[in-house]
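# Chain and residue survey
Residue strings, one per chain:
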Amino acid sequence: MNTPDPDTKLRGPAVWALVLTAVASFMAALDNLVVTTALPAIRGDLGGKLEDLEWTVNAYTLTFAVLLLFGAALGDRFGRRRLFVTGLAIFTGASAAAALSPGINELIAARAVQGVGAAIMMPVTLTLLTTAVPAARRGMALGIYGAVTGLAVASGPLIGGSLTEHISWQWIFWLNVPIGVALIPLARLRLTESTAPGSRLDFRGTLLVSGGLFGIVYGLVNANSEGWTSAPVLCGLVLGAVLVGGFIHHGFRHPNPMLPMRLFQNRGFLGINMASLLMFLGMFGSIFLLSQFFQGVAGYSPAEAGLRMLPWTGMPMIVAPFAGILSDRIGGRPVVAAGLAFQALGLGWFAATLSTDMSYATQLPPLILSGIGMALYFAPAANVLMSTVAPADQGKASGTNNALREVGGSLGVAVLASVFSAQGGYESPQAFTDGTVPALWIGAGAVALASALALLLPRKARPAPAGPALADPAPQAVTPRKVPAAG
(Lines give C-alpha, C1' and ligand atoms only; values in the text may rest on other atoms or scores of the structure.)
Protein backbone atom coordinates (compact mmCIF):
# COMPACT_ATOMS: atom_id res chain seq x y z
CA MET A 1 0.00 0.00 0.00
CA ASN A 2 1.41 3.41 -1.01
CA THR A 3 1.78 5.99 1.72
CA PRO A 4 1.86 9.71 0.92
CA ASP A 5 5.23 11.42 1.00
CA PRO A 6 5.25 13.57 4.13
CA ASP A 7 7.21 16.26 2.28
CA THR A 8 4.25 16.85 -0.03
CA LYS A 9 1.80 17.63 2.75
CA LEU A 10 1.37 20.76 4.82
CA ARG A 11 0.84 20.34 8.55
CA GLY A 12 0.12 22.32 11.70
CA PRO A 13 1.45 25.90 11.68
CA ALA A 14 2.07 25.81 7.93
CA VAL A 15 -1.58 25.03 7.22
CA TRP A 16 -2.76 27.83 9.48
CA ALA A 17 -0.31 30.27 7.89
CA LEU A 18 -1.49 29.33 4.40
CA VAL A 19 -5.20 29.58 5.25
CA LEU A 20 -4.93 32.88 7.13
CA THR A 21 -2.66 34.66 4.65
CA ALA A 22 -4.54 33.37 1.59
CA VAL A 23 -7.94 34.48 2.92
CA ALA A 24 -6.56 37.91 3.87
CA SER A 25 -4.99 38.23 0.43
CA PHE A 26 -8.30 37.24 -1.16
CA MET A 27 -10.10 40.07 0.66
CA ALA A 28 -7.52 42.72 -0.27
CA ALA A 29 -7.30 41.64 -3.93
CA LEU A 30 -11.08 41.34 -4.19
CA ASP A 31 -11.52 44.98 -3.17
CA ASN A 32 -9.52 46.13 -6.19
CA LEU A 33 -12.30 45.10 -8.59
CA VAL A 34 -15.36 44.19 -6.50
CA VAL A 35 -16.55 47.79 -6.50
CA THR A 36 -16.48 48.23 -10.30
CA THR A 37 -19.82 46.56 -11.06
CA ALA A 38 -21.42 48.33 -8.08
CA LEU A 39 -20.52 51.85 -9.30
CA PRO A 40 -23.85 52.55 -11.05
CA ALA A 41 -25.79 51.47 -7.94
CA ILE A 42 -23.54 53.56 -5.69
CA ARG A 43 -24.04 56.58 -7.96
CA GLY A 44 -27.80 56.05 -7.94
CA ASP A 45 -27.96 55.68 -4.17
CA LEU A 46 -25.41 58.22 -2.92
CA GLY A 47 -25.26 60.56 -5.90
CA GLY A 48 -21.96 62.05 -6.91
CA LYS A 49 -20.22 63.01 -10.12
CA LEU A 50 -17.75 61.08 -12.27
CA GLU A 51 -14.89 62.40 -10.13
CA ASP A 52 -16.53 60.90 -7.03
CA LEU A 53 -16.76 57.48 -8.69
CA GLU A 54 -13.10 57.75 -9.64
CA TRP A 55 -12.14 58.47 -6.04
CA THR A 56 -14.29 55.56 -4.85
CA VAL A 57 -11.86 53.32 -6.74
CA ASN A 58 -8.66 55.38 -6.46
CA ALA A 59 -8.90 56.13 -2.73
CA TYR A 60 -8.26 52.43 -2.17
CA THR A 61 -5.69 51.72 -4.88
CA LEU A 62 -3.68 54.89 -4.26
CA THR A 63 -3.28 54.51 -0.49
CA PHE A 64 -2.58 50.82 -1.01
CA ALA A 65 0.16 51.63 -3.55
CA VAL A 66 2.00 54.42 -1.76
CA LEU A 67 2.03 52.71 1.66
CA LEU A 68 2.83 49.18 0.47
CA LEU A 69 6.62 49.36 0.90
CA PHE A 70 6.27 51.33 4.13
CA GLY A 71 3.92 48.62 5.45
CA ALA A 72 6.56 45.99 4.73
CA ALA A 73 9.15 48.01 6.66
CA LEU A 74 6.74 48.37 9.59
CA GLY A 75 6.31 44.61 9.69
CA ASP A 76 10.06 44.03 9.64
CA ARG A 77 10.57 46.48 12.50
CA PHE A 78 7.61 45.84 14.82
CA GLY A 79 6.68 42.25 14.02
CA ARG A 80 4.92 40.79 11.00
CA ARG A 81 2.20 39.00 12.90
CA ARG A 82 1.47 42.16 14.90
CA LEU A 83 1.23 44.26 11.73
CA PHE A 84 -0.83 41.59 9.97
CA VAL A 85 -3.39 41.70 12.78
CA THR A 86 -3.27 45.53 12.88
CA GLY A 87 -3.79 45.86 9.14
CA LEU A 88 -6.56 43.28 9.20
CA ALA A 89 -8.35 45.16 11.99
CA ILE A 90 -8.08 48.48 10.11
CA PHE A 91 -9.29 46.87 6.88
CA THR A 92 -12.24 45.19 8.61
CA GLY A 93 -13.29 48.34 10.47
CA ALA A 94 -13.02 50.45 7.32
CA SER A 95 -15.14 47.90 5.43
CA ALA A 96 -17.90 48.32 8.01
CA ALA A 97 -17.57 52.11 7.75
CA ALA A 98 -17.85 51.88 3.94
CA ALA A 99 -21.03 49.79 4.23
CA LEU A 100 -22.53 52.33 6.65
CA SER A 101 -21.52 55.41 4.63
CA PRO A 102 -24.41 57.91 4.41
CA GLY A 103 -22.81 59.82 1.53
CA ILE A 104 -20.23 59.55 -1.22
CA ASN A 105 -17.58 61.54 0.68
CA GLU A 106 -17.81 59.22 3.68
CA LEU A 107 -17.52 56.21 1.34
CA ILE A 108 -14.38 57.65 -0.27
CA ALA A 109 -12.82 58.26 3.15
CA ALA A 110 -13.62 54.70 4.25
CA ARG A 111 -12.10 53.34 1.04
CA ALA A 112 -8.90 55.27 1.73
CA VAL A 113 -8.68 53.73 5.21
CA GLN A 114 -9.31 50.32 3.66
CA GLY A 115 -6.27 50.93 1.47
CA VAL A 116 -4.18 51.78 4.54
CA GLY A 117 -5.20 48.51 6.17
CA ALA A 118 -4.42 46.50 3.04
CA ALA A 119 -1.02 48.19 2.67
CA ILE A 120 -0.10 47.20 6.24
CA MET A 121 -1.51 43.68 5.97
CA MET A 122 -0.52 42.51 2.49
CA PRO A 123 3.29 42.96 2.42
CA VAL A 124 3.77 40.69 5.45
CA THR A 125 1.56 37.83 4.22
CA LEU A 126 4.21 36.24 1.99
CA THR A 127 6.89 36.57 4.67
CA LEU A 128 4.62 34.99 7.28
CA LEU A 129 3.84 32.17 4.87
CA THR A 130 7.42 31.47 3.77
CA THR A 131 8.73 31.42 7.34
CA ALA A 132 6.00 28.98 8.44
CA VAL A 133 6.29 26.55 5.52
CA PRO A 134 9.35 24.26 5.16
CA ALA A 135 11.40 24.89 2.02
CA ALA A 136 10.45 21.51 0.50
CA ARG A 137 6.76 22.44 0.57
CA ARG A 138 7.04 26.16 -0.10
CA GLY A 139 6.40 25.97 -3.84
CA MET A 140 3.08 24.19 -3.33
CA ALA A 141 2.03 26.67 -0.63
CA LEU A 142 2.92 29.70 -2.75
CA GLY A 143 1.07 28.17 -5.69
CA ILE A 144 -2.11 27.80 -3.62
CA TYR A 145 -1.68 31.34 -2.27
CA GLY A 146 -1.29 32.74 -5.81
CA ALA A 147 -4.30 30.79 -7.08
CA VAL A 148 -6.51 32.19 -4.30
CA THR A 149 -5.36 35.74 -5.08
CA GLY A 150 -6.01 35.15 -8.78
CA LEU A 151 -9.48 33.84 -7.96
CA ALA A 152 -10.22 37.11 -6.14
CA VAL A 153 -9.28 39.16 -9.22
CA ALA A 154 -11.28 36.89 -11.51
CA SER A 155 -14.41 36.85 -9.37
CA GLY A 156 -14.34 40.49 -8.21
CA PRO A 157 -16.78 41.91 -10.80
CA LEU A 158 -19.07 38.87 -10.53
CA ILE A 159 -19.19 38.91 -6.70
CA GLY A 160 -19.70 42.69 -6.68
CA GLY A 161 -22.46 42.49 -9.27
CA SER A 162 -24.26 39.58 -7.63
CA LEU A 163 -24.26 41.16 -4.16
CA THR A 164 -25.37 44.50 -5.57
CA GLU A 165 -28.23 43.00 -7.55
CA HIS A 166 -29.56 40.45 -5.06
CA ILE A 167 -28.93 42.25 -1.74
CA SER A 168 -27.39 45.75 -1.94
CA TRP A 169 -24.09 47.37 -2.86
CA GLN A 170 -23.29 47.78 0.85
CA TRP A 171 -22.77 44.01 1.04
CA ILE A 172 -19.61 44.17 -1.08
CA PHE A 173 -18.11 45.72 2.07
CA TRP A 174 -20.13 43.86 4.73
CA LEU A 175 -18.74 40.64 3.25
CA ASN A 176 -15.30 41.49 4.67
CA VAL A 177 -16.48 42.07 8.23
CA PRO A 178 -17.29 38.54 9.51
CA ILE A 179 -14.23 37.17 7.70
CA GLY A 180 -11.97 39.79 9.29
CA VAL A 181 -13.49 39.31 12.74
CA ALA A 182 -12.84 35.55 12.49
CA LEU A 183 -9.28 35.94 11.17
CA ILE A 184 -8.00 38.39 13.82
CA PRO A 185 -8.08 36.05 16.88
CA LEU A 186 -6.93 33.10 14.77
CA ALA A 187 -3.94 35.10 13.51
CA ARG A 188 -2.96 36.06 17.06
CA LEU A 189 -3.14 32.45 18.22
CA ARG A 190 -1.87 30.50 15.23
CA LEU A 191 0.78 32.63 13.48
CA THR A 192 4.40 32.84 14.57
CA GLU A 193 5.81 36.31 15.25
CA SER A 194 8.96 37.36 13.42
CA THR A 195 10.99 40.53 12.92
CA ALA A 196 14.03 41.69 10.95
CA PRO A 197 16.58 43.17 13.36
CA GLY A 198 18.06 46.47 12.25
CA SER A 199 15.33 47.39 9.77
CA ARG A 200 14.69 51.10 9.29
CA LEU A 201 11.68 53.19 8.32
CA ASP A 202 11.83 55.73 5.49
CA PHE A 203 9.38 58.43 6.60
CA ARG A 204 10.70 61.06 4.17
CA GLY A 205 10.35 58.78 1.16
CA THR A 206 6.82 57.79 2.20
CA LEU A 207 5.72 61.42 2.55
CA LEU A 208 7.29 62.44 -0.78
CA VAL A 209 5.72 59.66 -2.86
CA SER A 210 2.34 59.88 -1.08
CA GLY A 211 2.03 63.64 -1.59
CA GLY A 212 3.37 63.48 -5.14
CA LEU A 213 1.04 60.77 -6.41
CA PHE A 214 -1.96 62.28 -4.63
CA GLY A 215 -1.27 65.64 -6.29
CA ILE A 216 -0.96 64.13 -9.77
CA VAL A 217 -4.09 61.96 -9.42
CA TYR A 218 -6.03 64.89 -7.91
CA GLY A 219 -5.11 67.07 -10.89
CA LEU A 220 -6.09 64.41 -13.43
CA VAL A 221 -9.38 63.56 -11.71
CA ASN A 222 -10.51 67.20 -11.41
CA ALA A 223 -9.09 68.59 -14.66
CA ASN A 224 -12.28 68.45 -16.69
CA SER A 225 -14.62 69.69 -13.97
CA GLU A 226 -12.39 72.58 -12.81
CA GLY A 227 -10.37 73.22 -15.98
CA TRP A 228 -6.83 72.23 -16.85
CA THR A 229 -5.58 75.76 -16.16
CA SER A 230 -7.41 76.20 -12.84
CA ALA A 231 -5.23 76.86 -9.81
CA PRO A 232 -6.13 73.65 -7.88
CA VAL A 233 -5.44 71.42 -10.89
CA LEU A 234 -2.19 73.15 -11.87
CA CYS A 235 -0.99 73.17 -8.27
CA GLY A 236 -1.82 69.50 -7.88
CA LEU A 237 -0.01 68.48 -11.08
CA VAL A 238 3.05 70.70 -10.60
CA LEU A 239 3.47 70.08 -6.88
CA GLY A 240 2.87 66.37 -7.40
CA ALA A 241 5.54 66.21 -10.12
CA VAL A 242 8.01 68.11 -7.91
CA LEU A 243 7.40 65.76 -4.97
CA VAL A 244 7.77 62.66 -7.16
CA GLY A 245 11.01 64.14 -8.49
CA GLY A 246 12.13 64.64 -4.89
CA PHE A 247 11.25 61.02 -4.15
CA ILE A 248 13.39 59.84 -7.08
CA HIS A 249 16.31 61.99 -5.89
CA HIS A 250 15.81 60.64 -2.37
CA GLY A 251 15.93 57.09 -3.72
CA PHE A 252 19.38 57.72 -5.18
CA ARG A 253 20.84 59.59 -2.20
CA HIS A 254 19.38 57.99 0.93
CA PRO A 255 21.44 55.07 2.34
CA ASN A 256 18.34 52.94 2.95
CA PRO A 257 15.39 54.23 0.89
CA MET A 258 12.00 52.52 0.73
CA LEU A 259 12.54 52.27 -3.05
CA PRO A 260 16.23 52.09 -4.07
CA MET A 261 16.48 53.85 -7.43
CA ARG A 262 19.70 52.02 -8.28
CA LEU A 263 17.48 49.04 -9.19
CA PHE A 264 16.04 51.03 -12.11
CA GLN A 265 19.53 51.38 -13.59
CA ASN A 266 19.06 47.78 -14.69
CA ARG A 267 17.37 47.83 -18.09
CA GLY A 268 15.36 44.70 -17.40
CA PHE A 269 14.04 45.94 -14.05
CA LEU A 270 13.11 49.32 -15.53
CA GLY A 271 11.45 47.75 -18.56
CA ILE A 272 9.27 45.18 -16.77
CA ASN A 273 8.15 47.71 -14.14
CA MET A 274 7.22 50.38 -16.69
CA ALA A 275 5.42 47.71 -18.71
CA SER A 276 3.50 46.66 -15.59
CA LEU A 277 2.51 50.25 -14.80
CA LEU A 278 1.25 50.83 -18.35
CA MET A 279 -0.54 47.47 -18.42
CA PHE A 280 -2.53 48.31 -15.30
CA LEU A 281 -3.13 51.86 -16.53
CA GLY A 282 -4.82 50.59 -19.68
CA MET A 283 -6.55 47.57 -18.15
CA PHE A 284 -7.86 49.10 -14.92
CA GLY A 285 -9.07 52.30 -16.56
CA SER A 286 -10.87 50.29 -19.24
CA ILE A 287 -12.58 48.00 -16.70
CA PHE A 288 -13.74 51.10 -14.79
CA LEU A 289 -15.61 52.35 -17.88
CA LEU A 290 -16.68 49.06 -19.46
CA SER A 291 -18.27 47.77 -16.23
CA GLN A 292 -20.49 50.86 -16.29
CA PHE A 293 -21.09 50.55 -20.05
CA PHE A 294 -22.41 47.00 -19.63
CA GLN A 295 -25.07 48.26 -17.20
CA GLY A 296 -25.83 51.81 -18.30
CA VAL A 297 -25.74 51.24 -22.07
CA ALA A 298 -25.95 47.50 -22.78
CA GLY A 299 -28.69 47.15 -20.14
CA TYR A 300 -27.27 44.24 -18.16
CA SER A 301 -28.03 43.86 -14.47
CA PRO A 302 -25.04 44.11 -12.07
CA ALA A 303 -24.77 40.31 -11.80
CA GLU A 304 -25.09 39.88 -15.58
CA ALA A 305 -22.38 42.49 -16.12
CA GLY A 306 -20.02 40.69 -13.73
CA LEU A 307 -20.74 37.34 -15.36
CA ARG A 308 -20.12 38.71 -18.84
CA MET A 309 -16.74 40.10 -17.79
CA LEU A 310 -15.51 36.65 -16.68
CA PRO A 311 -13.98 35.78 -20.09
CA TRP A 312 -11.65 38.72 -19.44
CA THR A 313 -10.98 38.62 -15.68
CA GLY A 314 -11.29 34.83 -15.30
CA MET A 315 -9.20 33.69 -18.29
CA PRO A 316 -5.89 33.82 -16.35
CA MET A 317 -7.14 30.98 -14.12
CA ILE A 318 -7.24 28.75 -17.22
CA VAL A 319 -4.34 30.00 -19.37
CA ALA A 320 -1.75 31.04 -16.75
CA PRO A 321 -0.35 27.50 -16.17
CA PHE A 322 0.29 27.12 -19.91
CA ALA A 323 1.86 30.57 -19.99
CA GLY A 324 4.31 29.47 -17.29
CA ILE A 325 5.26 26.34 -19.25
CA LEU A 326 5.68 28.35 -22.44
CA SER A 327 7.90 30.93 -20.75
CA ASP A 328 10.11 28.15 -19.36
CA ARG A 329 10.64 26.86 -22.91
CA ILE A 330 11.12 30.03 -24.91
CA GLY A 331 11.84 32.64 -22.23
CA GLY A 332 9.67 35.19 -20.47
CA ARG A 333 10.28 38.17 -22.75
CA PRO A 334 8.33 36.96 -25.85
CA VAL A 335 5.46 35.61 -23.73
CA VAL A 336 5.09 38.88 -21.78
CA ALA A 337 5.32 40.94 -24.98
CA ALA A 338 2.72 38.72 -26.71
CA GLY A 339 0.38 38.91 -23.72
CA LEU A 340 0.53 42.69 -23.63
CA ALA A 341 -0.01 42.81 -27.40
CA PHE A 342 -3.13 40.61 -27.08
CA GLN A 343 -4.45 42.85 -24.28
CA ALA A 344 -3.86 45.94 -26.44
CA LEU A 345 -5.59 44.30 -29.42
CA GLY A 346 -8.56 43.35 -27.24
CA LEU A 347 -9.00 46.92 -26.00
CA GLY A 348 -8.53 48.27 -29.52
CA TRP A 349 -11.14 45.80 -30.80
CA PHE A 350 -13.57 47.10 -28.20
CA ALA A 351 -12.83 50.70 -29.15
CA ALA A 352 -13.38 49.97 -32.85
CA THR A 353 -16.69 48.14 -32.40
CA LEU A 354 -18.30 49.75 -29.35
CA SER A 355 -21.84 51.02 -29.97
CA THR A 356 -25.08 51.49 -28.09
CA ASP A 357 -26.59 48.36 -29.66
CA MET A 358 -23.48 46.15 -29.39
CA SER A 359 -24.46 42.49 -28.86
CA TYR A 360 -22.66 40.16 -26.46
CA ALA A 361 -21.58 38.02 -29.42
CA THR A 362 -19.65 41.06 -30.63
CA GLN A 363 -18.27 41.75 -27.16
CA LEU A 364 -17.08 38.19 -26.52
CA PRO A 365 -14.03 38.00 -28.85
CA PRO A 366 -12.27 41.09 -27.45
CA LEU A 367 -13.08 39.93 -23.91
CA ILE A 368 -11.47 36.53 -24.56
CA LEU A 369 -8.49 38.09 -26.34
CA SER A 370 -7.95 40.51 -23.45
CA GLY A 371 -8.21 37.66 -20.95
CA ILE A 372 -5.64 35.55 -22.81
CA GLY A 373 -3.36 38.57 -22.95
CA MET A 374 -3.68 39.15 -19.21
CA ALA A 375 -2.91 35.46 -18.55
CA LEU A 376 0.18 35.45 -20.77
CA TYR A 377 1.47 38.53 -18.97
CA PHE A 378 1.02 37.70 -15.27
CA ALA A 379 3.04 34.54 -14.54
CA PRO A 380 6.04 35.19 -16.84
CA ALA A 381 6.25 38.83 -15.70
CA ALA A 382 6.95 37.72 -12.12
CA ASN A 383 9.81 35.48 -13.27
CA VAL A 384 11.24 38.20 -15.51
CA LEU A 385 11.10 40.67 -12.63
CA MET A 386 12.89 38.39 -10.14
CA SER A 387 15.60 37.53 -12.67
CA THR A 388 16.64 41.18 -12.90
CA VAL A 389 17.67 41.58 -9.24
CA ALA A 390 19.99 39.84 -6.81
CA PRO A 391 18.32 37.50 -4.29
CA ALA A 392 18.88 40.04 -1.51
CA ASP A 393 16.73 42.59 -3.37
CA GLN A 394 13.85 40.34 -4.39
CA GLY A 395 11.61 41.49 -1.53
CA LYS A 396 12.03 45.14 -2.49
CA ALA A 397 11.62 44.26 -6.19
CA SER A 398 8.33 42.45 -5.59
CA GLY A 399 7.00 45.27 -3.41
CA THR A 400 8.04 47.87 -5.99
CA ASN A 401 6.30 46.02 -8.80
CA ASN A 402 3.09 45.59 -6.78
CA ALA A 403 3.12 49.27 -5.83
CA LEU A 404 3.65 50.40 -9.43
CA ARG A 405 0.78 48.19 -10.58
CA GLU A 406 -1.54 49.87 -8.08
CA VAL A 407 -0.22 53.30 -9.14
CA GLY A 408 -0.89 52.33 -12.75
CA GLY A 409 -4.45 51.36 -11.84
CA SER A 410 -5.06 54.71 -10.13
CA LEU A 411 -3.60 56.65 -13.05
CA GLY A 412 -5.61 54.56 -15.49
CA VAL A 413 -8.92 55.39 -13.84
CA ALA A 414 -7.94 59.07 -13.65
CA VAL A 415 -6.60 59.39 -17.21
CA LEU A 416 -9.28 57.37 -19.02
CA ALA A 417 -12.11 58.95 -17.03
CA SER A 418 -10.68 62.38 -17.89
CA VAL A 419 -10.79 61.50 -21.60
CA PHE A 420 -14.30 60.09 -21.15
CA SER A 421 -15.49 63.26 -19.42
CA ALA A 422 -14.03 65.50 -22.14
CA GLN A 423 -15.68 63.52 -24.99
CA GLY A 424 -18.93 62.26 -23.43
CA GLY A 425 -20.81 61.79 -20.20
CA TYR A 426 -23.75 60.18 -18.42
CA GLU A 427 -26.46 62.18 -20.23
CA SER A 428 -27.46 59.37 -22.59
CA PRO A 429 -26.26 55.94 -23.81
CA GLN A 430 -24.81 57.60 -26.91
CA ALA A 431 -22.96 60.19 -24.83
CA PHE A 432 -21.51 57.44 -22.63
CA THR A 433 -20.39 55.51 -25.72
CA ASP A 434 -18.92 58.64 -27.30
CA GLY A 435 -16.79 59.17 -24.20
CA THR A 436 -15.79 55.54 -23.75
CA VAL A 437 -14.46 54.93 -27.26
CA PRO A 438 -11.55 57.45 -27.22
CA ALA A 439 -10.75 56.45 -23.63
CA LEU A 440 -10.41 52.81 -24.70
CA TRP A 441 -8.09 53.85 -27.52
CA ILE A 442 -5.89 55.55 -24.94
CA GLY A 443 -5.95 52.39 -22.82
CA ALA A 444 -5.06 50.24 -25.84
CA GLY A 445 -2.21 52.61 -26.71
CA ALA A 446 -0.80 52.43 -23.17
CA VAL A 447 -0.79 48.62 -23.22
CA ALA A 448 0.69 48.58 -26.75
CA LEU A 449 3.52 50.78 -25.46
CA ALA A 450 3.96 48.28 -22.60
CA SER A 451 4.32 45.51 -25.19
CA ALA A 452 7.01 47.50 -27.03
CA LEU A 453 8.88 48.03 -23.74
CA ALA A 454 8.72 44.28 -23.08
CA LEU A 455 10.40 43.63 -26.43
CA LEU A 456 13.31 45.78 -25.26
CA LEU A 457 13.94 43.55 -22.24
CA PRO A 458 17.31 41.78 -22.41
CA ARG A 459 17.13 38.18 -23.63
CA LYS A 460 18.85 36.98 -20.49
CA ALA A 461 18.41 39.23 -17.48
CA ARG A 462 21.47 40.16 -15.46
CA PRO A 463 20.71 40.84 -11.82
CA ALA A 464 21.66 44.24 -10.48
CA PRO A 465 24.26 44.11 -7.71
CA ALA A 466 22.73 43.98 -4.25
CA GLY A 467 22.98 47.05 -2.05
CA PRO A 468 23.54 47.17 1.69
CA ALA A 469 20.64 46.60 4.10
CA LEU A 470 18.05 46.29 1.36
CA ALA A 471 17.03 42.68 1.66
CA ASP A 472 13.63 41.40 2.46
CA PRO A 473 14.93 39.02 5.10
CA ALA A 474 15.31 35.41 4.12
CA PRO A 475 13.81 32.87 6.49
CA GLN A 476 17.14 32.20 8.17
CA ALA A 477 17.51 35.91 9.00
CA VAL A 478 14.20 35.97 10.84
CA THR A 479 14.04 35.97 14.61
CA PRO A 480 10.96 33.93 15.49
CA ARG A 481 9.05 34.04 18.71
CA LYS A 482 6.71 31.09 19.11
CA VAL A 483 3.24 31.67 20.42
CA PRO A 484 1.42 28.76 22.06
CA ALA A 485 -1.55 27.48 20.12
CA ALA A 486 -5.01 27.73 21.56
CA GLY A 487 -6.46 24.78 23.36
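Residues numbered from 1 in each chain as written. Predicted model: local features only at pLDDT ≥ 70, side-chain atom pairs only at ≥ 80, totals over all residues. Heavy atoms only, no water.

### Structural notes on the overall build of the protein
If you tally the helices and strands in the protein, you get 18 helices and two strands. Across the protein, every contact between residues at least 6 apart in sequence was considered, and the portion connecting residues at least 24 apart equals 84%. Element-wise, carbon and sulfur atoms account for 67% of the exposed surface of the protein, whose accessible area totals about 19300 Å². (Helix = DSSP H or I, 4+ residues; strand = E, 2+ residues; numbered from the N terminus. Contact = heavy atoms within 4.5 Å. Areas by Shrake-Rupley, 256 points an atom, 1.4 Å probe, with all protein chains shown as cover.)

### Re the packing of aromatic side chains
This structure, assessed with the given rule, holds 10 aromatic pairs. Ring centres of phenylalanine 420 and tyrosine 426 lie 5.8 Å apart, and the angle between their planes is 70°; on these two criteria the pair is classed as edge-to-face. Relative accessible area serves as the criterion here: at 1%, phenylalanine 420 is assigned to the buried category. Ring-pair connections join several aromatic residues into one group, and the members of that group are Phe293, Phe294 and Tyr300. (Phe/Tyr/Trp six-rings, centres within 6.5 Å; stacked < 30°, edge-to-face > 60°. Buried < 20%, exposed > 50% of the residue type's maximum accessible area, 1.4 Å probe, protein only.)

### A closer look at the packing of helix α4 (residues 80-99) against helix α8 (residues 176-190)
Between α4 and α8, the least distance of the axes is 9 Å, while the angle of their chain directions is 160°. On the basis of their axis angle, the class for α4 and α8 is roughly antiparallel. For the crossing formed where α4 meets α8, the hand is left-handed. Two secondary-structure elements touch here, α4 through Arg81, Phe84, Val85, Leu88, Ala89, Phe91, Thr92, Ser95 and Ala96 and α8 through Asn176, Val177, Gly180, Val181, Leu183, Ile184, Ala187 and Arg188. Residues belonging to the contact of α4 with α8 are distributed by class as follows: 11 nonpolar, four polar and two charged. (Axes fitted to C-alpha atoms, helices over the stretch in contact; angles between N-to-C directions. Parallel < 35°, antiparallel > 145°, perpendicular 65-115°, else oblique. Left-handed = near helix turned anticlockwise from the far one by under 90°. Nonpolar A, V, L, I, M, F, W, Y, C, P; charged D, E, K, R; others polar.)

### Description of the environment of alanine 439
If you trace the backbone, alanine 439 turns up in helix α18 (residues 429-455). A sequence separation of 92 residues divides alanine 439 from leucine 347, and the C-alpha atoms of the two residues are 10.0 Å apart. When sequence neighbours within four positions are dropped, the list of residues in contact with alanine 439 reads Leu289, Leu416, Val419 and Phe420.

### Remarks on a nonpolar patch on the surface
A cluster of nonpolar side chains, Leu151, Met317 and Ile318, forms an exposed patch at the surface whose accessible area comes to about 280 Å². Note on placement: leucine 151 falls in helix α6 (residues 135-166). (Patch = residues over 30% accessible without salt bridge, like charges linked within 9 Å, V, L, I, M, F, W, Y side chains within 5 Å. Salt bridge = Lys/Arg side-chain N within 4 Å of Asp/Glu carboxyl O.)

### Points about the side chain of histidine 250
On the secondary structure map, histidine 250 appears in helix α10 (residues 231-253). Judged by its relative accessible area of 5%, histidine 250 falls in the buried class. Among all residues touching histidine 250, those that are not within four sequence positions of it are Asp202, Arg204, Gly205, Leu208 and Pro257.

### Observations regarding the side chain of serine 370
Among the secondary structure elements, serine 370 is positioned in helix α16 (residues 360-386). Here glutamine 343 takes part through its side chain, which lies 3.2 Å from a polar atom of the side chain of serine 370. In this structure, serine 370 is in contact with Trp312, Phe342, Gln343, Gly346 and Leu347, ignoring residues within four places of it in sequence. (Polar contact = N/O pair within 3.5 Å; in protein donor to acceptor, adjacent residues only side chain to side chain.)

### Thoughts on the nonpolar core
Counting residues in each nonpolar core, the largest one holds 97 residues, and the members touching the most others are Phe288 and Leu340. A per-element tally of this core places helix α11 (residues 267-296) first, with 16 residues. Setting aside chain neighbours within four positions, we find phenylalanine 288 in contact with Leu39, Leu50, Leu53, Glu54, Val57, Val413 and Ala417. The next biggest cluster of nonpolar side chains, apart from the first, holds 29 residues, and it includes Leu20, Tyr60, Phe91 and Ala119. (Core = buried A, V, L, I, M, F, W, Y, C linked by side-chain atoms within 4.5 Å.)

### As for the packing of α4 against helix α5 (residues 104-132)
Two numbers describe how α4 lies on α5: the axes approach to 7 Å, and their chain directions differ by 155°. Our classification of the angle between α4 and α5 gives roughly antiparallel. Like other packed secondary-structure pairs, α4 and α5 cross with a definite hand, here left-handed. In contact with Arg80, Arg81, Leu83, Phe84, Gly87, Leu88, Ile90, Phe91, Ala94, Ser95, Ala97 and Ala98 of α4, α5 contributes Leu107, Ala110, Val113, Gln114, Gly117, Ala118, Ile120, Met121, Val124, Thr125, Thr127 and Leu128.

### Topic: the environment of glycine 346
Relative to the elements of secondary structure, glycine 346 occurs in helix α15 (residues 332-353). Sequence spacing of glycine 346 and alanine 444 is 98 residues, and the spatial spacing of their C-alpha atoms is 7.9 Å. Discounting residues that sit within four places of it in the chain, glycine 346 has contacts with Pro366, Leu369 and Ser370.

### Some words on the confidence of the model for the protein
For the protein, the average pLDDT comes to 81, and 88% of its residues sit at 70 or higher. For the stretch residues 1-6, pLDDT sits under 50, and the model shows three contacts to residues farther than four places along the chain or on other chains. Segment residues 468-487 is flagged for pLDDT under 50; beyond a separation of four residues in sequence, or across chains, it makes 47 contacts in the model. (pLDDT = per-residue confidence, 0-100.)

### Section: the environment of leucine 404
For leucine 404, the location among the structural elements is in helix α17 (residues 394-423). With relative accessibility at 15%, the residue leucine 404 sits in the buried group. Leucine 404 sits 127 residues away from leucine 277 along the chain, and the two C-alpha atoms are 5.5 Å apart. Not counting residues within four places of it along the chain, the set of residues in contact with leucine 404 comprises Phe264, Asn273, Met274 and Leu277.

### A look at the pattern of salt bridges
Per the counting criterion, the structure on display carries one salt bridge. A salt bridge links arginine 111 to aspartate 31, with the shortest nitrogen-to-oxygen separation between them at 3.5 Å. One end of the pair, arginine 111, is in helix α5; the other, aspartate 31, is in helix α1 (residues 12-33), and 80 residues separate them in sequence. On the basis of relative accessibility, which here comes to 0%, the residue arginine 111 falls in the buried class.

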